[in-house]
Every structure is written in C-alpha cells, then in structure tokens.
Amino acid sequence: MEKILIISLYVVITIIILYTIRHYLFAFNRLFSKPRQPYVDIGAADWPSVTIFVPCHNEQAVIADMLENLLRVDYPRDKFLIVPINDRSKDNTQAILEDYAANYPDLIKPVHRKKGIAGKAAALREVSPLFDTEIHLVFDADYLPGRGLIKQLVAPFFDPEVGAVMGRVVPHNVNHSLLTRLLDLERSGGYQVDQQARMNLNMVPQFGGTVGGVRASALKQIGGWRNDTLAEDTDITMKMILNGWQVVYQNRSECYEEVPESWFARMRQIRRWATGHNQALAKYFIPMVRQFGKFPFFTVIDGLMLLGVYLMSLLLVIGWGLSLTLFYMGASIGTGILIILAVSTYNTFGNFATFFEVASATRLDRTESRILLVPFLSLCFLVSLLTVAVATIKQIITAPFDSTLKWQKTQRFRNGNGNGNGNGNGNGNGNGHSNGNGNGRLIEEPTRGYAYNFLYVNGRTVPEHIFNHDRL
Amino acid sequence: MGTSTKILLKRDRMVEELRRMGVYGSVIHMHRSMAAFKLPTESLINFLGIPIIFVLLCFVAFPYMTDFWTEIFIFAHSFFKFPGEVNVTSYEVFPYYYLDLPSFTMNAGWPSTLHLIISASFVIVLFLITLLFPDRLIPLAYLFRAVCAIQTTAILYFAVFSPPFPYSLTGYTGCLMRAEIIIISLTPILFAFTLYVFKMSLFQKILVSLMTIGHLAVFIPLQMLVHIYLIKMFSFIAMPVLFFMFGLIITVFIIIGFYSWGVSRVDVTQSGL
C-alpha cells in the first residue's frame, strides 16, 4: 500500500515538474527572444471581407461601447460587417442593437436567437454559416477594440496556412480591486509570456474564442463551431491543429476587456473554463497523442500539456492528499539527506515558476509597482485551484462528455448608464452618450500627432493609454 | 576590430538612436508586445558569479547562523520555561556537510479527548465563520477552509489510531530546519535564474539576496519556536497543519516577496521599452 502511494506521489510530482519546466522555458524564451508576429505591420493591402460576430446575452451594460468602438475601426467599410448575435436577452440588448442597426444598416446586422441551444458556441454555429465572408472574427460583448485592431487580426490570414488568429486580452478595469489587479497580472503572464512563447517556439498558441478569428474555409473544413462544448475556443484550436492549420497569436493586437470584479463571478468563470477545457481534453487527448511522428515532437507535447492544464488543479489536490496520507503513515519517501534536498528544491523552484512567469510579463509590460502584488497571486491561485479541482471532480463523477452542460454567462460590472440608444441620433435619453452630434454620424476623433488611439467607454471617448497606468 | 566594422557598428548605433528619437528630445518607446530583453555578457557573469560567491559564503556563514539560532533557542527555553533542555545535534544538511542544529529535549504528547474536542470545535467554528465572509474575503475563506480540511484529517487520525506518533518534536524540528537551510542556500541560485539575468546594478542584486537571506536567518528560528510552542501546547494534533500550511511554503513566499520587490527595480530600458 505504502509503495503504491509513494509511486503515485512520484508520478504526480513528475507531471508537476514538467509543467514547472514549461513555465521556465516559456518565460526565458519570451524574455530573451525576438517576438514572432507575422504580418503585424501591414497597413495597406487588398483586405479580405470580414464578419465580426459579437455574441450577446443580457449585455445592455456593455454592448453600446462595443459597437461604438467597432464603428471606429480603420478597416475598409465595404469589407466588413458587424453581426451582434442576441441570444435570448431579457434586458434592453435587443432594443440597443435594433437602434444601431437602424442607424448603420450596411454595417450592423443583428441576429436575434429565440430558440435552439443557448450559449456562445451554439450561437456561432447557427449564425456563422449565414455570412459568406473570408474571415470570421469573434468578440465578446464587453470588449473594447481599438482602431487598428481588425487589420492586425486579419493580417496573419495573408498566410494561407493560417486557420485561426488570437489577439491579446488586456483588462481595463484593473484598478477596481485587489481581484482585478491580480487578474491583470494573471492575464499578463498568460498572454505576454505563455502565448507569445508558444508562438515563438512554433508550439500551440491557443485561440481564445474572443479577440480573434478564423478563416471561414478552414472553419468549414473542420466542421464549424461545436455547440456541445463550453470551451469552443479550445475545441477550435485543437481541431485546427489536428487538421494541419496554423494558429497564430498576435501579441500586438490588444483589446480591452472587463475582468470579473467579484470573486463569485471569477469562480463561475473559471469553473466554466475548466469544464469546457476538460471536455476538450476528453475529446482530443488520444487524437493528439496519435500525432507523434507526424507533427514536431514539442508541438504535440505542448498540445497535450495545453489540454491537461485544468487537470493540474486536481492533480495538485491529489498530491496534497497523498503527501498527507504518507505523512500520517510515517512513510519514508526516500532516503536521508537527498530526499530533503529534493523536496526543498522542488518546493523552491516549483512554487516559484508561475511567479517568475508573471513577474517577467509585468516587466515586459513596463509596470513597476504592480509587480509588488505578485505574492498575493497565491490567493488567486488557491481559489482557482480549489474551484477547478471541485469542478473537475464533479465533471468526472457526473458527466465527463456531457454536451448538455449549462452555459453560465460572466457577470458584467461596467457602469450601465451608457447603454442606451443615444449614439447621437437625436433621441438620446440623457444616459451618458455625451458626444452625440445629433445626426447619427460617428465622432471622428483627432488621432494625428498622437501615439495612441481612442476608445469609447461608458459614453465617453478616452485615449487608450489611460488603461496602461501603473498604480497599485 | 577593423575600421570598417567599427564604422558599421557606429552606424547601427546611430540608426537605433534615430529610431527612438521623438519630437522635442522625447523618446519613442517600443510597444510592449515587441519588447524583449537582451542577455549582456555582464548579466551572464553575474548569473554565474554572484550565486557561486553567495553559496560559498552561505556555507562559511551557516555555522555562525546556527550558533545564533541556538542562542535564540536558549533564550526561548528560559523565557517560556520549557521542560528539559536545549539540545544541539549535528545533522548532515548537504552531502558531507554537517551543521549543529538546536532543538529541545522535550517531546509533545498524543492528543487527549479534550484536545480532540477543542480541535473539532475550532474546525467547526472556523468553517462556519468562513461561510459568513463577504465576497472580497473569499481567498481568506478558502485559506481557512484548507486549514480546516487538514485539521480534520488530523482529528480523524488521532481519533482512530493509537500511539506512537511516527514523529518526535526533536526530529520534526531538525528535519524542517535542514530543509529551510537548503532553501536559503538555493535562494541565490534561484535569483540567478530569475533576477540576475535582468539589468540591475550589482549593488541591487547583492542587496536583494542579502536582504532575503538575512530575513530568513532571523525568521526561521522564530518560525520554529512558534511551531514548537503550539505543538507542545496542543499536542501532535497541531503538527500536520503547521507542517503543510505554515512550514516551507511560508519560507518560499518570503522569497517571492523579496523577489517581487527586486524585480520591480529592473531597468526596463534594456528591453527597448
């Protein structure tokens, strides 16, 4: 019995060490390698036609800002179309969308879903085949795309082997609370280091399902969006890779999002991610293993590790359980000084890896004081670890392949005063759209001479760089 | 180096400066997505040199440090009026490297029924309190619940099994201290990989390492005394939670704290930012 437990513990530790090595490898690569960002600088080209899908469910607090920003992008007007997919919203979302559609009939064509499976993946599966453009981009409703973002995201598709592109997600409500600050650090590590290092190393950058897009022909070839998953992004990533398409991460293509401002919302979000990701693990682990010998060795390894990333929480909890059991049994997990040396080294370097990755990212992001919060990330990790572990256990017991798992929308926190229909169409309800000019035209902000762009938030036009200030 | 090479290098430097020159003498910063650090020769020398020097210094200083720990233990022994006496045992901390580590000759007891009841009540009350925590205190609630979970395993173990407990207080102290000393000596190596590779002044690099090691040298004996005091007071039932939640993990987080301060001093202009 004791022997079995010790061997199990060693297996758990070995897997954790592999992930630790991966953290260090990614951090060093990102810190000291030139970032690979194909075609990011293309400004003038024969741009392909693009449909921008914005799935919405009760998004009255944020959808107007999203559309305002999309209407300001510098992509050729005759080449792009905005398709908000209203998925049974019970609030004012439909009215807001209809109002925008009336003002911009050539640019905005909302689709209102009344039946079918609920959720983002199902909405995309149903609606995307209706629009015959070369590129399909997807944004969540709470995002704030900058002026040049669409061109940057579309540019990598000039490479015919590219099937999906992912941009960087940056929180804009960072200074709200400790949680939002910690999530900013976590996102920073995830995108600035993790994703970019995968891109540099020709591994598997993950398409995140928002601030990104897919080539319509590639999407068709792989069978379109799946509506039986909670993580359609991981699903698309894996299907693209397995079908020989490349997934590109574009670090320069930053888009602002709203991170959860309450721990409950955060836990709900990460529970959904974990459940969806584990569904992808169950579906694609074996197909990915079969790619050994066909794809580069480290691409397959990275693909497998990416699939298993949410299983790590459960594995860590199992590791703790095994350690506790062996502790009570008084078991010797090795002999003498060497085992103490190994345990201490593992504790030091193992626990440190993620913090190093985040610290590297924040340094590249040029934030100074926020780095001091890095030790507090342990709080975030503890909550995530236990939430994900419990969600995974529940999923294993009840439904590892369940396709009927309920989609849980992430709660929005932005001040909803700016959501109405007043983008300057003369019937504004005094709700914060203070820059409306009364004739339904867009406000053209002066960008010449500035090193930054403008975004539209809460009814105001603000320079993009205000989100980058570095305060504790 | 030939003259033509020098001219080319000078030209490259000038082009680089021109690229970053903004209006009215301002500097055009590179976008963060494009930035990457360089690994200059100076960093590589620091990367190898500082940890080697520090580790060697640690090996020289450890006997003095453990003498200091012994003094602290002697003071605590008389202050808390612990039974028995302070014992100094020679342990092999690294292969062929021995240190004299202090401990107490006293041992803790197997928990009585009263200990079990108090401990169970503590777990129940603590868990119920965490249910009342507001949203912003959720991380603290999870931390307390983790403590409750480990403490529950301890209660179950001591309720079901009978003596002897596989560990003694002296053995526990010696084992934990050895691990902590190893962590101290690993700190410069860890910083070499994760901090010294950045552009910082040599003084700052040495300062961060000295501060971290100095802090640990004072913290560890005090941490050990708290552990010993609580285990003596509440019996062995307190040992699992102290070992798993407040042992090596605390030491590592102290290092992370100093590291985050150190890395905030890194010169980011080196990255083109």
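For the structure, see preceding data.
Just so it is clear, the model here is predicted, and its values are computed rather than measured.

1. Describing the overall build of chain B
- A count of helical and extended segments in chain B gives eight helices and two strands.
- The helix and strand sequence of chain B, counted from the amino end, reads α-α-β-β-α-α-α-α-α-α.
- Here the C-alpha atoms of chain B give a radius of gyration of 26 Å, more than 25% beyond the 19 Å that 2.2 N^0.38 yields for 273 residues.
- Here the C-alpha coordinates of chain B stretch approximately 85 × 50 × 30 Å along the principal axes.
- Out of the 273 residues in chain B, the part that is buried amounts to 46%.
- Residue pairs at least 24 apart in sequence account for 77% of intrachain contacts in chain B once pairs closer than 6 positions are excluded.
- Total accessible area on chain B is roughly 13,700 Å²; 73% of this is exposed by carbon and sulfur atoms.
- Here chain B holds 16 positive side-chain charges and 12 negative ones, and the gap between their average locations is 13 Å.

2. Here's the deal with helix H9 (residues 263–289) of chain A
- Its 27 residues give H9 of chain A an end-to-end C-alpha distance of 36 Å, which sits within 8% of 39 Å, the value for a rise of 1.5 Å per residue.
- Approximately 40° is the largest bend angle found in H9 of chain A, and it occurs at Lys 283 of chain A, with the proline Pro 287 of chain A only one to four residues beyond.

3. Structural notes on the pattern of salt bridges
Residue and element names in this part refer to chain A.
- This model, assessed by the stated rule, comprises 19 salt bridges over all chains.
- The partner of Asp 235 in a salt bridge is Arg 226, with the nearest N and O atoms 3.8 Å apart.
- Look at the salt bridges and you will find they share partners, linking Arg 22, Asp 194, Arg 198 and Asp 302 into a network.

4. Focus: the interface of chain B and chain A
- At the interface, 58 residues of chain B touch 60 residues of chain A.
- Here chain B packs against chain A, burying approximately 5,300 Å² in sum over the two surfaces, 75% of which is carbon and sulfur.
- Where chain B meets chain A, there are one salt bridge.
- The interface formed by chain B and chain A includes 15 residue pairs in polar contact (both at pLDDT 80 or more).
- Those elements that provide at least two residues to the side of chain B that touches chain A are strand E1 (86–94), helix H4 (138–160), helix H5 (169–194), helix H7 (239–245) and helix H8 (248–263) of chain B.
- Sorting elements by how many residues they give to the side of chain B that touches chain A places H8 of chain B first, with 11 residues.
- A class-by-class count of the residues in the side of chain B that touches chain A yields 44 nonpolar, eight polar and six charged.

5. Overview of the pairing of strand E4 (residues 135–138) of chain A
Residues and elements named next belong to chain A.
- Burial along E4 is two-sided: the face carrying Ile 135 and Leu 137 and the face carrying His 136 and Val 138 are both buried.
- As judged from the four bridges shared by strand E1 (residues 50–56) and E4, these two strands associate in the parallel manner. Each bridged residue has a counterpart across the sheet, and for Val 50 the counterpart in E4 is Ile 135.
- Note: E4 against strand E7 (residues 212–215), four bridges, orientation antiparallel. For Ile 135, the partnering residue across the bridge sits in E7 and is Arg 215.

Criteria and cut-off values
- Residues numbered from 1 in each chain as written.
- Chains lettered and ligands numbered in written order.
- Predicted model: local features only at pLDDT ≥ 70, side-chain atom pairs only at ≥ 80, totals over all residues.
- Heavy atoms only, no water.
- Helix = DSSP H or I, 4+ residues; strand = E, 2+ residues; numbered from the N terminus.
- Rg over C-alpha atoms; globule rule 2.2 N^0.38 Å.
- Buried < 20%, exposed > 50% of the residue type's maximum accessible area, 1.4 Å probe, protein only.
- Contact = heavy atoms within 4.5 Å.
- Areas by Shrake-Rupley, 256 points an atom, 1.4 Å probe, with all protein chains shown as cover.
- Lys, Arg positive; Asp, Glu negative; His and termini not counted.
- Charge placed at Lys NZ, Arg CZ, Asp CG, Glu CD.
- Expected span 1.5 Å × (residues − 1).
- Bend = angle between axes of the 7 residues up to and from the residue.
- Salt bridge = Lys/Arg side-chain N within 4 Å of Asp/Glu carboxyl O.
- Buried area = accessible area lost by both parts, 1.4 Å probe.
- Polar contact = N/O pair within 3.5 Å; in protein donor to acceptor, adjacent residues only side chain to side chain.
- Nonpolar A, V, L, I, M, F, W, Y, C, P; charged D, E, K, R; others polar.
- Pairing = 2+ DSSP bridges.

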